[in-house]
Amino acid sequence: MDDLLARFLPQFCDAAKGRIAAAKACIADVEAGAATLASEFHTMAGEAAMLGLSDFADVARTGETTARAIGSPEGKNAAVICARALRTLSRKLEELQKKADTNTNVAANTTSQESAGRNQRVLIVDDSPISAGLLCDALEEQGIEAETTDDEKFGIEILGKFNPALVVTDVQMPNLDCKSVCDLVKISDNGVAVLLVSGLSDGELKERAKTAGAHGFISKGGGLDPVVDRVKKLLAEAAR
Amino acid sequence: MSDKKRILLLDDSPLVLQVTQNALEIAGYDVVVANDLSEFEAHREEVDLLLIDVQMPEAFGDELAGMLRGARGVNKPIYLFSMLDEADLAARAREANIDGYISKRAGVHALIERVHTIFAQGEQHG
């Protein structure tokens, strides 16, 4: 699960529980409670959207739109629609609460096996499938599990799925720059290192690494062996 | 003083404030949050970018933004930050004579990208 979501899911669930309760109290007299109903749906939609809970946000937005139509010809069945939206949100909230509770248990019981597995995994981000493939092959020959992705597909989801200890990224890509890669990695999990690899000069790479907040950089100019050695060092540091 | 760009975020949802602050700080910014107008006013002059929610109990954010740009003469970047649909947000931003809007619907990662772009464009224009 996205680190941001995992971190804030318990709070979201608590807040949503209160808002759903407040909204339900308005259903008995929707005309009088229309503004509160709309406000609670609106806030829930915003909070859910910020955490990427798009299904929840969509239902909340529908509820808000309906609540705002109360009192107008379009609001004829508003009470029924809003009540249905609240039931749907309550069900979704139950599922989210289970995830939040599961995350708490998993975090409390983190196993060294999971950490050990993650410690040898490298995700390579490069818009050139050939470059990415060559590095991937070189790492796997050294017993390091590696996966490649390009600048269009890279994101929180693939980080969550692959759970690498290290991200090795090209610097200049058409759809993503290295700073965005570093930002996304940090948001996903603050413990994952990022190594910049590029044909740029050491001076330029150093500057890029500093600006992006990367853990290190290495030029491609020396061939694959120095890159592989650098990856091994960073993986060893991550394992400590 | 830190070289980091400072952002002030006004929103009536404490959770939105926390999530956004957390994400923007990880992305390298200093973030000040305000849950109401008095907190907002206390920090307004210290920052490089103002992000303002629209539908709040005390005021509509676009009206506040328009007042800041107009009557108060605030010329730093001001953006609406809201769940309203984009056509509505665009119209409100135009009406308020501010720099634009950012939709909450795209999530926090899109917000970060947009903030990076805002500051990059600001640097280009000097």
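Residues numbered from 1 in each chain as written. Chains lettered and ligands numbered in written order. Predicted model: local features only at pLDDT ≥ 70, side-chain atom pairs only at ≥ 80, totals over all residues. Heavy atoms only, no water.

J.: An account of the overall build of chain A is requested, with residue identities and associated values reported.
T.: On a plain count of helices and strands, chain A comes out with 10 helices and 5 strands. Counting the 240 residues in chain A, one finds 48% classified as buried. The contacts in chain A between residues at least 6 apart in sequence include a share of 66% that link residues at least 24 apart. For chain A, the exposed area adds up to about 11800 Å²; of that, 50% sits on carbon and sulfur atoms. (Helix = DSSP H or I, 4+ residues; strand = E, 2+ residues; numbered from the N terminus. Buried < 20%, exposed > 50% of the residue type's maximum accessible area, 1.4 Å probe, protein only. Contact = heavy atoms within 4.5 Å. Areas by Shrake-Rupley, 256 points an atom, 1.4 Å probe, with all protein chains shown as cover.)

J.: Report on a positive patch on the surface, specifying residues and quantitative values.
T.: Residues and elements named next belong to chain A. A cluster of basic residues, Lys24, Arg84, Arg87 and Arg91, forms a positive patch on the protein surface. Among the elements that make up the positive patch, the one with the highest residue count is helix H4 (residues 78-108) (3 residues). Residue Lys24 is classed as partly exposed on the basis of its relative accessible area of 44%. (Patch = residues over 30% accessible without salt bridge, like charges linked within 9 Å, V, L, I, M, F, W, Y side chains within 5 Å. Salt bridge = Lys/Arg side-chain N within 4 Å of Asp/Glu carboxyl O. Lys, Arg positive; Asp, Glu negative; His and termini not counted. Charge placed at Lys NZ, Arg CZ, Asp CG, Glu CD.)

J.: Tell me about the packing of helix H2 (residues 30-50) of chain A against helix H1 (residues 14-26) of chain B, and please be specific about residues and values.
T.: Direction vectors running N to C along H2(A) and H1(B) enclose 15 degrees, while the axes themselves pass 9 Å from each other. By the criterion of interaxial angle, the relationship of H2(A) to H1(B) is roughly parallel. Judged by the sense of rotation from one axis to the other, the crossing of H2(A) with H1(B) is left-handed. Taking contact as the criterion, the partners of Gly46(A), Glu47(A) and Met50(A) in H2(A) are, on H1(B), Leu15(B), Val16(B), Val19(B) and Thr20(B). (Axes fitted to C-alpha atoms, helices over the stretch in contact; angles between N-to-C directions. Parallel < 35°, antiparallel > 145°, perpendicular 65-115°, else oblique. Left-handed = near helix turned anticlockwise from the far one by under 90°.)

J.: Got a sec to walk through the sheet that holds strand S5 (residues 216-219) of chain A? Specific residues and values, please.
T.: The strands making up a sheet associate through hydrogen bonds between their backbones, and the pairing can be parallel or antiparallel. Residue and element names in this part refer to chain A. If you trace the 5 strands from one edge of the open sheet to the other, you get S2-S1-S3-S4-S5, paired in parallel fashion. Of all strands in the sheet, those bounded by a partner on one side alone are strand S2 (145-149) and S5. If you compare each strand with its neighbour and ignore which way they point, the axes differ by 20 degrees on average. Note: strand S1 (residues 121-125) against strand S3 (residues 166-169), 4 bridges, orientation parallel. Its bridge partner lying in S3, Leu123 is registered against Val167. Across the sheet, helix H6 (residues 129-141) is in contact with S1, S2 and S3; its angle to S2 comes to roughly 170 degrees. Along the sheet, helix H9 (residues 202-212) makes contact with strand S4 (193-198) and S5, crossing S5 at roughly 155 degrees. (Pairing = 2+ DSSP bridges.)

J.: Explain H9(A) to me, and be specific about the residues and the numbers.
T.: Residue and element names in this part refer to chain A. Within H9, the full set of buried residues consists of Leu205, Ala209 and Ala212. The arc enclosing the buried residues of H9, seen along the axis, measures out at 75 degrees, which places them on a common side. Opposite the packed face of H9, turned more than 90 degrees from it, sit the exposed residues Gly203, Lys206, Lys210 and Thr211. Where H9 terminates, the next one or two residues include Gly213, which has phi positive at roughly 80 degrees. (Arc of directions from axis to C-beta.)

J.: Which residues make up the pattern of salt bridges, and what are the values?
T.: Inspection of every chain in the model, using the stated rule, returns 16 salt bridges over all chains. Between Asp3(A) and Arg7(A) there is a salt bridge, and its shortest N-O distance comes to 2.1 Å. Residue Asp3(A) and its partner Arg7(A) are located together in helix H1 (residues 3-27), separated by 4 residues, close to a single helical turn. Close ionic contact of Asp99(B) with Arg69(B) constitutes a salt bridge, the shortest N to O distance being 2.4 Å. Here the residue Asp99(B) occupies a position in the loop between helix H4 (86-96) and strand S5 (100-103), and Arg69(B) occupies one in helix H3 (residues 61-69), the gap between them amounting to 30 residues. Judged by relative accessible area, Asp99(B) falls into the partly exposed class, the value being 41%. Each of the salt bridges in this network shares a partner with another, and the network as a whole consists of Glu41(B), Arg44(B), Glu45(B) and Arg72(B).

J.: Describe in detail the confidence of the model for chain B, supporting the description with residues and values.
T.: Taken residue by residue, chain B gives an average pLDDT of 91. The fraction at 70 or more is 95%. At the level of chain-chain contacts, confidence expressed as ipTM amounts to 0.89, with global pTM at 0.63. (pLDDT = per-residue confidence, 0-100.)

J.: Please provide a residue-by-residue account of the pairing of S5(A), values included.
T.: Successive side chains on a regular strand alternate, one facing one side of the sheet and the next facing the other. All names here are of chain A. In terms of strand pairing, S4 meets S5 through 4 bridges, oriented parallel. Across the sheet, the residue bridging to Ser198 is Ser219, located in S5. The parallel pair S4 and S5, bridged by H9, forms a crossover whose chirality is right-handed. (Right-handed = clockwise from strand over helix to strand, strands pointing away.)

J.: Run through the nonpolar core, naming residues and quoting values.
T.: Ranked by internal contacts, the top residues of the largest apolar core, which has 61 residues, are Phe12(A), Leu37(A), Phe41(A), Leu53(A), Phe56(A), Leu51(B) and Leu111(B). Top contributing element to this core by residue count: H1(A), with 11 residues. The residues contacting Leu51(B), other than those within four sequence positions of it, are Ile7(B), Leu8(B), Leu9(B), Leu10(B), Tyr79(B), Phe81(B), Ile102(B) and Leu111(B). Ranked by size, the runner-up nonpolar core spans 23 residues in total, among them Cys178(A), Leu205(A), Ala209(A) and Ala212(A). (Core = buried A, V, L, I, M, F, W, Y, C linked by side-chain atoms within 4.5 Å.)

J.: Summarise the interface of chain B and chain A; cite the residues concerned and give the values.
T.: Contact with chain B, which involves 23 residues of that partner, is made by 24 residues of chain A. When the two sides are added together, the surface that chain B and chain A hide from each other amounts to roughly 2100 Å², 64% of it contributed by carbon and sulfur. Counting the surface chain B buries against chain A, the share from its top three residues, Leu15(B), Ile26(B) and Met83(B), is 29%. Linking chain B with chain A are 0 salt bridges, by the criterion used here. Counting across the interface, chain B meets chain A through 6 residue pairs in polar contact (both at pLDDT 80 or more). Broken down by secondary-structure element, the contributors of at least two residues to the side of chain B that touches chain A are H1 and helix H5 (107-125) of chain B. Broken down by element, the side of chain B that touches chain A gets its largest block of residues, 8 residues, from H1(B). Of the residues assigned to the side of chain B that touches chain A, the class counts are 11 nonpolar, 8 polar and 4 charged. (Buried area = accessible area lost by both parts, 1.4 Å probe. Polar contact = N/O pair within 3.5 Å; in protein donor to acceptor, adjacent residues only side chain to side chain. Nonpolar A, V, L, I, M, F, W, Y, C, P; charged D, E, K, R; others polar.)

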